[in-house]
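Listed here are the chains, written in short residue letters.
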Amino acid sequence: MKNIAAEIADFIGLALFHSLWISCLAALLFGVLRATLSEERAALRCGLGMICLTAVPLISVIIALQSNETPAFYSFSLSPTISSISLPVWGLVCWTIGAAISLGRNGYSVWLANRLLANSPKLTQKPILRRLNILRAKLRIGRKIYLKASDQITSPCIIGVLRPTIIVPLSLLGRVPTSYLDAVFAHELAHAKRADYLLNLLQLLIESLLFFHPAIWWLSTAIREEREFACDQAASSLLGNEQEYAEAIVAFEEARAMQATMSFREASALVRLQRLLFPSRRESLAPLCGIVGSSTVISGAVVLAGLFTANLTHANSEKLHPIEPQTRDVKAAKALLSHSSVWKNSAPVGLGATLFRSTYLIEKEGKLFDLRKTEPRLFEEFPNSWIVENSVNFLNGRLPSLDQDRDGFTTLEEYQNKTDPNSANSYPSQSLKTVYLNRERQVYRVTYSAKPDSKRFQLTRHSSTRYAGRSTFILQKGETTRDGILRIEEESQGNLVVTFLPLQKKFTLPLKKDTEIETSFAELKFNLPDGNKPFYVKEGEFFATPDQKELWIVHSVSPESCVIRARGNKIERILPVQHPTQTP
């Protein structure tokens, strides 16, 4: 009688064996349905694809449970010696290792997405939120959809099951027309209404378990393509303008193609536009026949040898990973929209000037920019001559927000303050990076306790959070307490008049009665590479910048803002309060 471990191993091996031919059958069935249905039925095609994909592990498990006997080539017995384990067991071991690696990679991608969600600041601009809510109401989505921005992605995405959140690339917000945001919101809201994020998690699980089968790769890729096409159709139908929606796709794809950074990989812009503008063609069965044929060969080899080979090269199309700019697709998509020729520089980068080519000629959005001239500007923020003189990386679309010399200031801030963007020793005033996090209110409690003689006055300061320990001061007129808070002014009608130095306000202290004077501390920090540790400064006190070059005084603190002034001049800055969890 087999032990429990052997029975479990037999069951898994049998289920995997049946998944070989069931995967081929499911891919072939979906391929036929996909070729039969028109491209205008993308939502139905995506749903049928998910049914076929989910049916593979379910049917495999059901057949394995109902089978009374295990095929001969999967029968084995466990033994303490490795030499007694047959080849099929090694195949099962290979599948276990491959599935664990695939699950780990997919789990890591989901963790990256959640970390991106947690670290992205919220967008609070009312006009943008109003646009989002209007489209959400039109799609009849009852639950709240959150909105954030991030500089870690170059393509919009939606993350979350219980709290779906749209994340918009921070670098693109100011580079596309505001009307294009409607296209982005409509597309991502379509994902939210269809619960695509949850379906994608299920898809990742199935991909991890059946990572070895080419038919599963093709089926999963086809489902993701249909999912994007379905959302494109829903978004363009909601906006009522296919041409403008197509232009928005091209604008975002072109901006993304300029940045070889972390991104959610999606269907090609060219393919999406072809299906959106010309939804008349049918899917060809030729690629599917090749996939099913290769799957059959591989399945037969697995059955004959009793081995499972782990193929871990499949890349999930909705995971965070570095990609190269899809420049050719973007240009082809633009040509499809404009029906005109597009300039293309095919010469290798870094070979110097050749005939009809100059290193100062740059193409952007179908226009040529000569960096030796002032107009037109490659980036609206900078003159072209400044870009050339300072040798900044103009090939990066996120140039204004880059910090090339790692001194904590972006290229745009360096330009605005006339400092060197390539030198860590040349930077604007570090006070510009002062961030006001929170206000802490404290009570300074003091008592005019006695008058030892005609010239001296005795004060008692009581303990509080910021003023630890009870202290007694005996002072004359014009003298200041040791903590630098009170200055004795005069005695008037038996009461003592003092000046509260942090606020430069006068208070009257009655004899032998406690007086409470409220004071505020500002929780500040410097948004610099080495200055992220918060610190407290009391109203009226000075603080220095990290480089110790400037002194600033906290003039006043309120729940909404903190006013700081430079020592020795009249420069004043008003710092709005920021929640400690937000990125300023």
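Refer to the preceding data block for the structure.
Residues numbered from 1 in each chain as written. Predicted model: local features only at pLDDT ≥ 70, side-chain atom pairs only at ≥ 80, totals over all residues. Heavy atoms only, no water.

Caption draft 1: Quick look at unusual backbone geometry. A positive phi angle is found at alanine 195, which is not glycine, with a value near 55°. The backbone of serine 391 shows a phi angle near 50°, a positive value even though the residue is not glycine. Here serine 391 shows up in the loop between helix H12 (384–389) and helix H13 (411–416). Overall, the relative accessible area of 59% leaves serine 391 in the exposed class. (Helix = DSSP H or I, 4+ residues; strand = E, 2+ residues; numbered from the N terminus. Buried < 20%, exposed > 50% of the residue type's maximum accessible area, 1.4 Å probe, protein only.)

Caption draft 2: Fine view of the sheet that holds strand E2 (residues 157–159). The three strands lie next to each other as E1-E3-E2, forming an open sheet whose pairing is mixed. This sheet does not close on itself; its edge strands, each paired only once, are strand E1 (146–150) and E2. Adjacent strand axes in the sheet meet at a mean angle of 30°, parallel and antiparallel pairs treated alike. Where E2 lies against strand E3 (residues 165–169), three bridges are found, and the strand directions are antiparallel. Directly across from cysteine 157, in E3, lies its bridge partner isoleucine 167. (Pairing = 2+ DSSP bridges. Axes fitted to C-alpha atoms, helices over the stretch in contact; angles between N-to-C directions.)

Caption draft 3: Focus on the pairing of strand E6 (residues 361–364). Judged by which residues are buried, E6 turns out to be one-sided: Ile362 and Lys364 face inward and are buried, whereas Leu361 and Glu363, on the alternate face, are not. Direction of pairing for E6 relative to strand E7 (residues 367–370): antiparallel, over a ladder of four bridges. Residue lysine 364 lies in a different strand from E7, and its bridge partner there is lysine 367. The antiparallel hairpin formed by E6 and E7 contains two residues in its connecting segment, where glutamate 365 sits at a positive phi of about 50°.

Caption draft 4: View of helix H7 (residues 214–239). The terminal C-alpha atoms of H7 lie 38 Å apart, and with 26 residues this matches the ideal 38 Å at 1.5 Å per residue to within 8%. Extensive coverage of H7 is indicated by the burial of 19 of its 26 residues. Of the residues trailing H7, glycine 240 is marked for its positive phi of about 75°. (Expected span 1.5 Å × (residues − 1).)

None of this, on its own, says anything about what the molecule does.
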